[in-house]
Amino acid sequence: MATLQPELKANGRISFGSLLGLAVGLLVLVAAVGFGLHVLQAIPSSEWWRQGPSLTNLVRLYLVEWPASWHGGDWGVWNFLRPGRGAVPVITAILSWTIVIFGFMLPMVTYQIYALRKILGFMQARVGPTQVGPLGLLQTPCDVLKLLTKEDVIPTKADRWVFFAAPFMVLVPASMAYLVIPFGNQKIVDGAVRYSLVCGDLNIGVLYLSAISSVAVIGIISAGWASNNKYSLLGAMRSAAQLVTYEVPLSLALLAPVVWAGTLNLSQFAADQGSVWGWYCWPNLLTIPIFVVSALAELGHTPFDLAEAESELVAGYNVEYSGMKFAMFFLAEFSNAFILSAVAVTLLFGGWQSPFPESWGPLGWDAGIFGMFWFFAKTLAMIFGLFWVRATLPRMRIDQLMGLGWKFMIPLGLANLLLVAVLRVLVG
Amino acid sequence: MPSGAEPYLFLSAALFAIGLYGVFTRKNAVGVLMSLELLLNAVNINLVAFSRTVDRGVDLVRLGGTEVGGVALGVSGQVLAIMVISVAAAEAAVGLAIVISIYRTFRHITVDDLDLLRW
Amino acid sequence: MSETPTEQVQSPSAAVAQLDASLRAACPDDVLELSSLGDSPAWTIVPAAIARVGARLRQAGYDHLELVSTVDRGEQIEIVYLLDSMLHRTDPRRLALRCVVPREAASLPTLCGVWRAADWFEREAFDLMGVTFTGHPDPRRILLPDQWQGHPLRKDYEYDSDTMVQEILDAELNNDDLAGTDGHAEHDGMVTEDLAVNMGPQHPSTHGVLRLRLRLDGEYVRECDPDIGFLHRAFEKLGELKTFTNGIPLTDRWDYLNAMGNNMVHCQAVEAAMSLEVPERVHWTRMLVLELNRVASHLVFIGTYGLDLGAGTPFLFTFRDRERILDMFELLCGARLTYNYLRIGGVAADLPRNFIADRVRPFLAYLPDRLAEIDQLLTGNQIFLERTKGVGIWPAELCVSYGLTGPLLRASGVARDVRRVYPYARYDQCEFDIPVGENGDCYDRYIVRVAEIRQSLRLLDQICAWFEANEETTRGQISAKVPRVIKPPAGEVYTCVETPRGELGLHLVCDGGENPYRYKIRRPSFVNLGLFGEVARDQKVADLIAILGTTDIVMGEVDG
Amino acid sequence: MAVEQMAQHYGWLIPLIPALPALAAVIGLVCGGLFLHRRTPVLTIGAMAVSTLIAWFAVFLPVVGSWWSGGGEHAFSWSHSWRFFQAGGQWVSIGVVVDHLTAAMLAMVTLLVLLIEIYAVGYMASDELFSRFHAEVSLFAAGMLGLVVANNYLTLLVSWEIMGLCSYLLIGFWYFKDSARKAAKKAFIVTRLGDLGMLVGIIIAFWGSGSFEFDTIFTWAKSAPAVLVVLTALGLFCGSVGKSAQFPLHVWLPDAMEGPTPVSALIHAATMVSAGVYLVARSYPLFYGMDGHLEAEILGFVVAPLKVVAWIGGFTALFAATIAVVQSDIKKVLAYSTVSQLGYMFLGLGVGGYTAACFHLLTHAFFKALLFLGSGSVIHAVEHAMHHEHVHEDPQNMANMGGLAKKMPRTYWTFLIGTLALAGIFPFSGFFSKDEIVLEVLFGAHRNPTLGAMALVAAFLTAFYMSRLMFLTFYGTPRLPQVWEHTEDSPKTMTTPLLVIAVFAALAGLPALPALLSAMGIGAGHNLFHGFINLGALAGYGVTEAPPLPVNLGLAGLATLLAVSGIGLGWVLYGTRVGAAVRDTAHRTAAIERVLDVPRRLYYMNELLYGLLVTPMFWAVRLCNEIDRRVIDMTVNLVGWLSVALSTVGRWFDQNVVDLLVNVVGAGSKGTAEIGKFLQTGRVQNYAMIGVAGLVIVMMVVLKLLGGA
Amino acid sequence: MAGHGPGPVFWLLAAVLIASALGVVTLRNMVHSALCLAVTLLMAGGLYLNMGADLLAGFQVLIYVGAVVTLVLVAIMLIAKIADRDLSQTQARGGWAAAVSIIVWLLLSWVLAHGTWTPNAALTEGGADAARQAKALSLALLDPYLLPFEVASLLLLVALMGAVVLAQHTALAERSDIKAALKEGEQRDA
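Not measured: the values here are computed from a predicted model.

What follows concerns the pattern of salt bridges. Residue and element names in this part refer to chain C. Across all of its chains, the model carries 71 salt bridges over all chains by this definition. A salt bridge links Arg 94 to Glu 503, with the nearest nitrogen and oxygen atoms 4.0 Å apart. Of this pair, Arg 94 sits in the loop between strand S4 (76-84) and strand S5 (95-102) while Glu 503 sits in strand S15 (residues 502-510); the two residues are 409 residues apart in sequence, bridging distant segments of the chain. Accessibility expressed as a relative area gives 8% for Arg 94, which makes it buried. When its relative accessible area of 0% is taken as the criterion, Glu 503 is described as buried. Where Asp 350 meets Arg 281, a salt bridge forms, and the shortest distance between an N and an O atom there is 3.0 Å. With Asp 350 in the loop between strand S13 (346-347) and helix H10 (355-379) and Arg 281 in helix H8 (residues 280-308), this pair connects stretches of sequence that are 69 residues apart. With respect to burial, Asp 350 and Arg 281 carry one shared label: buried.

All names here are of chain D. With respect to the element layout, Phe 474 can be found in helix H20 (residues 449-474). Put simply, Phe 474 and Leu 404 are 70 residues apart on the chain and 4.4 Å apart in space, counted from C-alpha to C-alpha. Residues contacting Phe 474, with those up to four places away along its chain left out, are Val 378, Gly 403, Leu 404, Ala 405, Thr 411, Tyr 412 and Phe 415.

It is worth spelling out the side chain of Lys378(A) at this point. You can see Lys378(A) is positioned in helix H14 (residues 369-392). Apart from residues lying up to four places away in sequence, Lys378(A) is in contact with Trp279(A), Val345(A), Phe349(A), Gly350(A), Gly351(A), Trp352(A) and Gln353(A).

On average, residues of chain E score 75 in pLDDT, and 68% of them reach the 70 mark or higher. When mean pLDDT is compared element by element in chain E, helix H2 (residues 30-50) of chain E scores highest at 89, while helix H5 (residues 121-126) of chain E scores lowest at 58.

Taken together, the side chains of Leu286(A), Leu418(A), Leu419(A), Val422(A), Leu423(A), Leu426(A), Val427(A), Tyr10(D), Trp12(D), Leu23(D) and Ile27(D) make up a nonpolar region of the molecular surface, amounting to roughly 930 Å² of accessible area. For the nonpolar patch, the elements supplying multiple residues, two or more each, are helix H15 (398-427) of chain A together with helix H2 (13-36) of chain D. Inspection of the secondary structure puts Leu426(A) in helix H15.

Here the focus is the sheet that holds S15(C). Within a sheet, neighbouring strands are paired by backbone hydrogen bonds and run either parallel or antiparallel to one another. Residue and element names in this part refer to chain C. Pairing is antiparallel across the open sheet formed by three strands, whose spatial order is S14-S15-S16. Each edge of the open sheet carries a strand with a single partner, namely strand S14 (491-499) and strand S16 (516-522). Put simply, the sheet's adjacent strands are angled 15° from each other on average, direction ignored. The pairing of S14 with S15 spans nine bridges and is antiparallel. Each residue of the ladder has a partner; that of Glu 492, found in S15, is Val 509. Seen against the sheet, helix H7 (residues 259-274) touches S14, S15 and S16 and runs at an angle of roughly 150° to S14.

Reading the values: the criteria
- Residues numbered from 1 in each chain as written.
- Chains lettered and ligands numbered in written order.
- Predicted model: local features only at pLDDT ≥ 70, side-chain atom pairs only at ≥ 80, totals over all residues.
- Heavy atoms only, no water.
- Salt bridge = Lys/Arg side-chain N within 4 Å of Asp/Glu carboxyl O.
- Helix = DSSP H or I, 4+ residues; strand = E, 2+ residues; numbered from the N terminus.
- Buried < 20%, exposed > 50% of the residue type's maximum accessible area, 1.4 Å probe, protein only.
- Contact = heavy atoms within 4.5 Å.
- pLDDT = per-residue confidence, 0-100.
- Patch = residues over 30% accessible without salt bridge, like charges linked within 9 Å, V, L, I, M, F, W, Y side chains within 5 Å.
- Areas by Shrake-Rupley, 256 points an atom, 1.4 Å probe, with all protein chains shown as cover.
- Pairing = 2+ DSSP bridges.
- Axes fitted to C-alpha atoms, helices over the stretch in contact; angles between N-to-C directions.

As structure tokens, then:
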């Protein structure tokens, strides 16, 4: 029989190999960040330990204070940073953030795409990538290489500057969000943060996230407009309407745990949710669906992928983009999926906290790399849920989408906020 | 006595002047609206600068904010700035709605040709 | 589900005489002579009076303009109209009208005012045969580019490639704004911005190379002009150039999702022209492959329709199931898309041993579970229902007037199926229902096809039973006695089969030679698409896709 | 646990009592059309049930228990406020109070509202606006409960107005009916009139005491100038008069019967109208003053708020009873009966019978709700039967009923209990509570024989019109036989609440039984209600308590006799053939008809309104017109003639001298304008720029002055 | 803040701010202008951060950049003939306006330079902690400034409705139920 593996297709089975591939992908992720950051933390340095063995402190130590010591306590070459407020944490945060972006976000997204293809393949009775590298693990890196080396086409009548800037306007906010995500444990000793796995521990973290994510809309509109293509403009307009609409319920959904926790700081969120019954998802049961639906809409995932509805608008705002610029949109999209999942995990599902009691031995450990494991496990479970939805549902229509947003999600979000606030007051 | 806010104040004055220039010269109603946003931002910078330097402050201890640490912190300017931001949002929404209405009626939004005020 | 009671093809003479008398009484000077076209009576009409006679017949219940065919008769050109009835019980059921116009001044009044289906039929007749219809609202070419010169189906046509192709290319390439200019339009006193959008020919949802010129007002379509012909391969011309036997492989390419049905209509027409009787086993074999092919085609529809609405998974599921059918066909004839399986007077090869038991029976047991899966994914999905229910409602009258056939028509509540009305093969010996819709919306058009799959399974069950009973006795009887060189006697026939897309018909004119003299195909996708310009108006863009998806066109067939 | 400690621990439950129905209402209103549809009652009744549970088990029963176990001496009161917002440096709070009065009211209101909501499920089952109805009723209940638990006038006013709004919405619920729209508007405007006075009262109190809280205001009233206190009391009483439909603002209540019957039961029997009484009871220190002798001279009149309350109440009781006697609409009879009974309560309050009035407030709520729901059941059944038979008659008119007792036994028996209770027949609740009031009027601290006589006559009339209603509706031969034939008793959802309320209506008077028995020489008990709610709780505000009056058996006998004779008269007139003949004759007698017409046309109240206000205004306008034409015009004409003469002289001077000057000036300005017109472009931006430039110049001038200094 | 001078971050932000603000008022392409506005507003947010007003900076980005500029861009695209390049805008009164603006700037600067501002020691010494700032701002908003806060929310609501009414008036008139109701009313009147 000349057909290709008909039994596999007919039964919709997934091979053991691809499951193994998924597991390997997960491990690669954990390894990329976990080992990267933790090995750094293990460097013995008395000064560093005294200050608290964190990445931030490490960077400060080697890049700021050590050079500064050359000039008798002055900050030396970094002296120009000195006036004003908090320049040093900002610079160190930016440096460690850069490490996270290149050391984590790029491989993360790469294997997220691989996972998507495998998971969708599993759900749709096919196999996904199998050929490039063992179990097809090198497929997406090769795709990335392909995108990098493709010709970068700029349409003749495009607005060149805006066309050039738009992918950055989308990608930069998406990557900036990593600044405040607590990947791992935070230990507070004597009232001071001793070490944590967060690049910049902003006290307004949640607000920062909303603010940053709202900027990306401008990039999308610019991309659609600058392409000088009617499809892309229509896609951009749809995107703008959709993003602006669902920003509101998403913010409302973010506000509910904020009201519950009384802080905007994401590390604080993660640290405050102790055992599994202390996770904020319990008082926020209604918040979870609101958050998930709004997040799907914000991400433009099925069933809300109207902006890039290929059957209507071909590909939406990025239809004219190719090569690296297209990859940037792609990167931003998948990165956002990770960020929103991570935010949900941090705000509602205990961040890096283990779901098991400490007495359960290694399962209950959540210090250091174990915390990272839990964080990634939960986040990837969320992402898996997003993909699942993608494989299952058809697409909504734009007016149905808007109606759902304005007439249902926003009132529901407000009611939920009220509910959580009242619960908060009652519980004390 | 210098308060440390002077650079911000001079900057906001400059921004204000630029916005003013835009309001005077833009022929396009949306342009005028954007220039107005500049004016509002100039004011905001001013407010924040003052609130962070010379504000006598609100005694938050009296208001129950013991965790703030008993210091009278200057936030009145920031409160006002928040008001300005929300007013600006409202203004943008209504302003742009008006602009669109004008466009629907006149098929253009050139302010100079909207001289109904004449005679 | 309702069904039309099977109607005996009654002895025509009395009814024909009666209609003849009443026609001559109503239009005394217009009706010339009574002849026949195949089994149907045919009246020759004075060309100038065709609209009047048409209206008269429309009033008498002939609400379905089945086909407008043209034949180049040398000095004259003959235009043949085939009429039928969908909503009424007319007697005789199908009839033909002929008009004969001089070749040099081939012109007669349009029938657009009587049947709206005449619009595209007449444009096609003008395009390919050079007959002009006075009063036609939109007298453009339809399949060929506007810059084309001459009318290819005329017997004296000569192709002058170099200059014309260059001209066409220039025209297309230098056209900056393919869709026309944007502008302001006035709707109910409100001035809005219109956006002219050129959807296709390269677009994921146009199922190939359909091009829609849209004028959008926000999310609403204010005007839609389908532009077709990008896949035109001149099948009618090719049909005239090939012998009857050599023509069969070409039919595979019309509606490539239904190659068996295309084979069928060709072979059936030639057999009718030759008055050839085929063995019993051939009939059942043909029905087997036809029904399998119908299931395969509908599975493609379900999958692609899900894709149109943004659901990717059903597509892969239905293609997985269709794979089974393709495997069977591969076993049967070695091909997976263009089968070339049927022969004049028979089929190419007998079924392999145990084909029914090993292949077809397991498939019949397997598919219902898969259909239940589809029901879970699509039919029961709230979003799917929101997207399809009440969207694109086509009233039955509209469909009939546009000459729609097949599931599209049945979704609007008209239970017309060629297998019932003009039974071929052994469909008259089988039990099956004709599923009809209630509202004529997208959902109905979808669900009718799902129901048709179930009916096909029911038919296949009966077919399998026949084979199981008669396998040994009839084995090897796969062809009638056919002359080595096929030369049907001069004359003309019209035969039709029910394909997944509707009534596929063939108007075959023979002159006693080895080739067809005229080879006019009634292509259901082409006729079904004629309605689209009207129903697309004032729909949302997203709904436009949902509606276009339900038409289930195959561009190879639309473009001919 | 002592009840005070319980209050500390469970005090947070109190705001939930109004908050839960309010939340349910909001959800119902928002989501009713979206996805709740016919499921809204699940939500609203659920919320109400929880509120009822809280009210009974966390408030009423603990309070009663604590009072009982404390030997009837212990008065419980707990109040808590939350800061709401700051205005002008002053914190405004919202808060709740729980004391005996609140507890009793809460128990009554929650129970009744719950039962009425259940009843409405059946009654409104076929209505399209089902969901909205339940949401609005729930909001209404929230208003009432909020009012009951309020510990300050602001919260009270807010709840009060929520009720006002809801009554408007519910009366006009069938807004497609013109009469319903008008009734809703009328109710809203008339009660608003009273609320205006209430607002004035509250403002005076706030101005005087600097607070909205009851405590502070009552304490202030002890030492405040009498005029202010009296004005406050009168203002509040205005609100009560409006809400409780007392003369002369009673006009809205009968019209308000346009709303669905559960609304009538809810608004016009159990809750909203009693809010007026509750307000006066709650604000009693403001009316009572020291020793019940609060009075002040206003505009030359000596005004005692208590007397005003008593007289208005007494008059209304009698006045409304006479109207009720002649009404033919079953619900209007009940409506006027309500007005009359509320008059009783005010009468009781006005003569110092605080406990008696509160007692009657509770008992009346039960039996009147019962009567309204029963009448609703009757109307529902008759309407359905009429609909079935395609008879287009008024289903509420008693003339179209008769003999229904056989067809609707459950409704009939419960209705009978309500009627006996209202008529004051022993041992039903009305007997005790009405007796208490009459006792207070005749023998209390502020006794007044005239008012007593009025109360007794009203009691007789009450019995009479109720027996008339019973006989017309439930006995005799059916007037529309084919309709009667198809009448069926109402569904269980409607009759079950009736049964429950009937139990309460029958038994609610029993706390007063020991007092009666002791008067008859059996035991030495007293009215338990007297111990539970008494003026002693208000002692802190200077209200002195009179000892409870012993039950006067003679008076009780007299009242019973009057009630029985009223029923007897009803039977004679409406239940016997003799009566029918008498009525027949009477209706043919013009004189009697003319007499009956007076109450039938509501004592010409509407005509009075026209006569007093509209017609005089019309005449005044005509008078002005005449004066204008005759006198003023003549003067004007004279002046005009004189002016013409003078101007002829002036013209010459003008043309030759003045014009010359003017022309010169004109030419000058024109020349200036020719230059200046270039500035006027009509372009906003130019104007703005010139404006800013001007501002800059002015600023520079100012700054230069400052800089020089 | 006192005594240190504004620092390099300030100068960087200020330079970009002024440049992009000039872009807003001078660029001919409306979309470019709007994008410059976005940059200006972001820079203003940066200045707030630099002054320790974290919360305000967040609001600035969220509301101004995320909402207002988006709104402006959408409006521009709605108004401009869609996808047509005719987005240029012209200037008028350039010279006079420049003169007036510069004079205003000089005047304001003069006033600022000659004013006396007494710094609040509590702020300049110990008040720079952003966490406390955020907390203080929140408390201030919900306590002494509650009324203005509520009024502002009311204003937003009114503006929202106003914008809807202004932009949607035609759509309202097109709604079939309203049309029917109007027609019914006319018939009743007639």
